[in-house]
Amino acid sequence: NANTMWGGRFAAGPDAIMEAINASIGFDRRLAPQDIAGSRAHAAMLAACGIISDTDAEAIGKGLLTVLSEIETGDFPFSTALEDIHMNVESRLRELIGEPAGRLHTARSRNDQVAVDFRLWVRDQCDQVDVALEALQLSLLGQAEAGADWVMPGFTHLQTAQPVTWGHHMLAYVEMLARDRGRFADARKRMNLSPLGAAALAGTSFPINRHMTAEALGFDGPMANSLDAVSDRDFALEFLAAASICAMHLSRLAEELVIWSSAQFRFVKMSDKWSTGSSIMPQKRNPDAAELIRAKIGRIFGANVALMTVMKGLPLTYSKDMQEDKEQTFDAADSLMLALAAMAGMVADMTANRDVLKSAASSGFSTATDLADWLVRELGLPFREAHHVTGSLVALAESKGCDLPDLTLADMQSVHAGIRPDVFDVLGVENSVASRTSYGGTAPAQVRARIAGWKEVLT
Ligand code: ARG
């Protein structure tokens, strides 16, 4: 049978494969709440502008709420023949209220309808991601507070560089996630204009009020160009771009947790709740959640590239290619939300191994820079020369199989005669971190001040 929505000029229905490639109801049913909100706002506006009667608008508004509750309770008869959520909802509305249902689509097209639905959905995701990001920030802040002054090795090239504090390392991620929140907030602000009323592409001859529907749906106003309104998917791309950067941060943290929980590092112990065992190796305690976070990130990057690729060759305005915007975005959003929740739980429950952190910090000549700085400060050596002297001392310690603090004063003086016993004060890791008091530095005093600052911002 020909389609009920456009059957007028069609004698035959679609091929089964055509139906399969064309239908989006399998995934866009997730837009039901947004679709119904958009339609209710549209119907109320049509009545307020005298385009349909108040009685019809009321029947439509009530009928749509019935449809929504059917969908929510799982009683809704979704039909692939009806292609997408928009036609499924409208068709059911006609079954429920009859003729007035046919007036809902006045001065509207599925092109502006889907644009508004999807925008509302992505906007809502920005809000949800923000809440999830804050929860993860709080988990990290909790860790930072517990170990504000615990000393651990700081790395460059994954080689021991200088001692830092556990609190400082945790707070580094809190900063990154704050920038992520800023990116989602910016994207949300830019996407918060309504495409509804652009109709198919050119606007409409009906005397509609786009400001009214925009306001009813919580937008800051209507989009200014009808062609742009139905063509634009920047809002989803900005969400995916922000999601990708955020995901990259999560993946770096996940990578650190995988390394840190290994038997070679033992910096952290994951709680039982966030670990898995092995079916063959009884000693195993695997950080699967961290690994899966690291891996799920691929889907989010993939979605970003996929939608960029879908959009890049499309002439204005709508092309059916754009139906491929949704599955990718849904999957990326789901993956991000799951990764954020898992990371927040895992971080909150893990235990840092203070003693292991400290002994790791004390090895690998981690205070070599402190020694060089001492030579500059106390003996007035130029930094380059101090660097050279320290390098020779490291080589000496290496040849004796010991660390810098284990060298004797005589060893030291064999490399530079001016070295005094008080040099040993700066070779301890606690002293090293305590001395890094520059703004943003790793000194516990700095870290505690920053923790206090975050506690005021995060709720
Ligand atoms: N299911 C479609 C989509 O997701 C809705 C818009 C269809 N518009 C059209 N002119 N065929 O993009």
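All of these numbers come straight from a predicted model, not from anything done at the bench.

## Considerations on the environment of Leu427
Tracing the backbone through its elements, the reader meets Leu427 in the loop between helix H16 (409–415) and helix H17 (429–435). It is 56 Å that separates the C-alpha atoms of Leu427 and Glu327, two residues lying 100 residues apart in sequence. Excluding residues that lie within four positions of it along the chain, Leu427 makes contacts with Thr367, Leu371, Leu404, Pro405 and Met412.

## Things to note about the pattern of salt bridges
A full pass over the atoms with the stated rule returns 30 salt bridges. Of the charged contacts in the structure, one is a salt bridge between Asp127 and Arg188, with a shortest N-O distance of 2.7 Å. In this pair, Asp127 sits in helix H6 (residues 110–146) while Arg188 sits in helix H7 (residues 166–191), placing the two residues 61 residues apart along the sequence. Since its relative accessible area comes to 34%, Asp127 is described here as partly exposed. A residue is classified by how much of its surface remains accessible, and Arg188, at 26% relative accessible area, is partly exposed. Taken together, the salt bridges that share partners define one network made up of Glu83, Asp84, Arg110 and Lys320.

## Some points on the site of the ligand
Near the ligand the following residues occur: Ser24, Asp28, Asp84, His86, Arg110, Asn111, Val114, Tyr318, Gln323 and Lys326. Asp84 is positioned such that a nitrogen or oxygen atom in its side chain is 2.9 Å from a nitrogen atom of the ligand. Take Asn111: an N or O atom from its side chain is 3.0 Å from a nitrogen atom of the ligand. In isolation the ligand offers 340 Å² of accessible surface; the protein chains occlude 86% of this area. Split into classes, the residues belonging to the shell around the ligand amount to 2 nonpolar, 4 polar and 4 charged.

## A short note on the pairing of strand E1 (residues 151–156)
It is a general feature of regular strands that their side chains alternate between the two faces of the sheet. Taken together, the 6 bridges between E1 and strand E2 (residues 159–165) define a ladder with antiparallel strand orientation. The residue of E2 that forms the bridge with Val151 is Thr165. Hairpin geometry of E1 and E2 is characterised by an intervening segment of 2 residues between the two adjacent antiparallel strands and by a positive phi of about 55 degrees at His157.

## Considerations on the packing of aromatic side chains
Applying the stated rule across the entire model yields 10 aromatic pairs. The interplanar angle of 45 degrees and the centroid separation of 6.1 Å between the aromatic rings of Trp260 and Phe267 together place this pair among those described as tilted. With respect to class, Trp260 is no different from Phe267; both count as buried. Members of the aromatic cluster, joined through ring pairs, are Phe155, Trp166, Trp260, Phe265 and Phe267. One Lys or Arg, Arg9, reaches over the ring of Phe10 and ends 5.8 Å from the middle of that ring. Between Arg30 and the ring centre of Phe330, over which it is positioned, the NZ or CZ distance is 4.9 Å.

## Examining helix H5 (residues 85–97)
In this model H5 runs 18 Å from its N-terminal to its C-terminal C-alpha over 13 residues, within 8% of the 18 Å that 1.5 Å per residue would give. Turning to H5, its buried residues are Ile85, His86, Met87, Asn88, Val89, Glu90, Ser91, Arg92 and Leu93. Contact partners of the buried residues in H5: helix H2 (25–28), helix H3 (32–48), helix H4 (54–72) and H6.

## Remarks on the layout of surface pockets
Roughly 470 Å³ of internal volume is contained in the largest pocket. Considering the residues around the largest pocket, the lining is formed by 22 residues, among which His168, His169, Leu171, Ala172 and Tyr173 are closest to the centre. If you list the elements that add at least two residues to the lining of the largest pocket, you get H7, helix H10 (234–260) and helix H18 (444–457). Among the elements that take part in the lining of the largest pocket, H7 stands out by supplying 7 residues, more than any other. Class assignment of the residues belonging to the lining of the largest pocket gives a composition of 12 nonpolar, 5 polar and 5 charged.

## Here we look at the nonpolar core
Counting residues in hydrophobic clusters, the biggest one holds 97 residues, and the most contacted among them are Trp166, Phe184, Leu257 and Met343. It is H10 that contributes the most residues to this core, 15 residues altogether. Sequence-distant contacts of Phe184, that is, excluding residues within four places in its chain, are made with Cys126, Val129, Leu133, Phe239, Ala242, Ala243, Cys246 and Leu336. Residues Val389, Leu393, Val423 and Leu427 belong to the second largest nonpolar core, which totals 20 residues.

## A word on the UniProt feature "domain: Argininosuccinate lyase C-terminal" (unreviewed entry) in the protein
Per the UniProt record, the feature "domain: Argininosuccinate lyase C-terminal" (unreviewed entry) sits at residues 365–434. Along residues 365–434 the backbone is 61% helical and 0% strand, and the end-to-end C-alpha distance reaches 17 Å.

## A look at H6
Within an α-helix, residues lying three or four positions from one another point in the same direction, as the helix has 3.6 residues per turn. The end-to-end C-alpha distance of H6, which contains 37 residues, comes to 54 Å, matching closely the 54 Å that a straight helix rising 1.5 Å per residue would cover. Taken across its 37 residues, H6 has 26 buried, putting it largely inside the fold. Regarding H6, its N-cap is Ser109, as a side-chain oxygen of that residue lies 2.8 Å from the backbone nitrogen of Asn111 further along.

## Structural notes on the environment of Asn22
With respect to the helices and strands, Asn22 occurs in helix H1 (residues 16–22). A residue is classified by how much of its surface remains accessible, and Asn22, at 16% relative accessible area, is buried. In this view, Asn22 contacts Glu83, Lys320 and Gln323; residues no more than four positions away in its chain are not counted.

Conventions and cut-offs
Residues numbered from 1 in each chain as written. Predicted model: local features only at pLDDT ≥ 70, side-chain atom pairs only at ≥ 80, totals over all residues. Heavy atoms only, no water. Helix = DSSP H or I, 4+ residues; strand = E, 2+ residues; numbered from the N terminus. Contact = heavy atoms within 4.5 Å. Salt bridge = Lys/Arg side-chain N within 4 Å of Asp/Glu carboxyl O. Buried < 20%, exposed > 50% of the residue type's maximum accessible area, 1.4 Å probe, protein only. Near = heavy atom within 4 Å. Polar contact = N/O pair within 3.5 Å; in protein donor to acceptor, adjacent residues only side chain to side chain. Areas by Shrake-Rupley, 256 points an atom, 1.4 Å probe, with all protein chains shown as cover. Nonpolar A, V, L, I, M, F, W, Y, C, P; charged D, E, K, R; others polar. Pairing = 2+ DSSP bridges. Phe/Tyr/Trp six-rings, centres within 6.5 Å; stacked < 30°, edge-to-face > 60°. Lys NZ or Arg CZ within 6 Å of the ring centre and 35° of its normal. Expected span 1.5 Å × (residues − 1). 1 Å grid on protein atoms, 1.4 Å probe; cavity = no way out; pocket = protein on both sides within 12 Å on 5 of 7 lines; lining within 4 Å. Points joined across faces, edges and corners; volume = space filled by probe spheres on them. Core = buried A, V, L, I, M, F, W, Y, C linked by side-chain atoms within 4.5 Å. UniProt positions renumbered as here; feature names shortened; annotations may be inferred.

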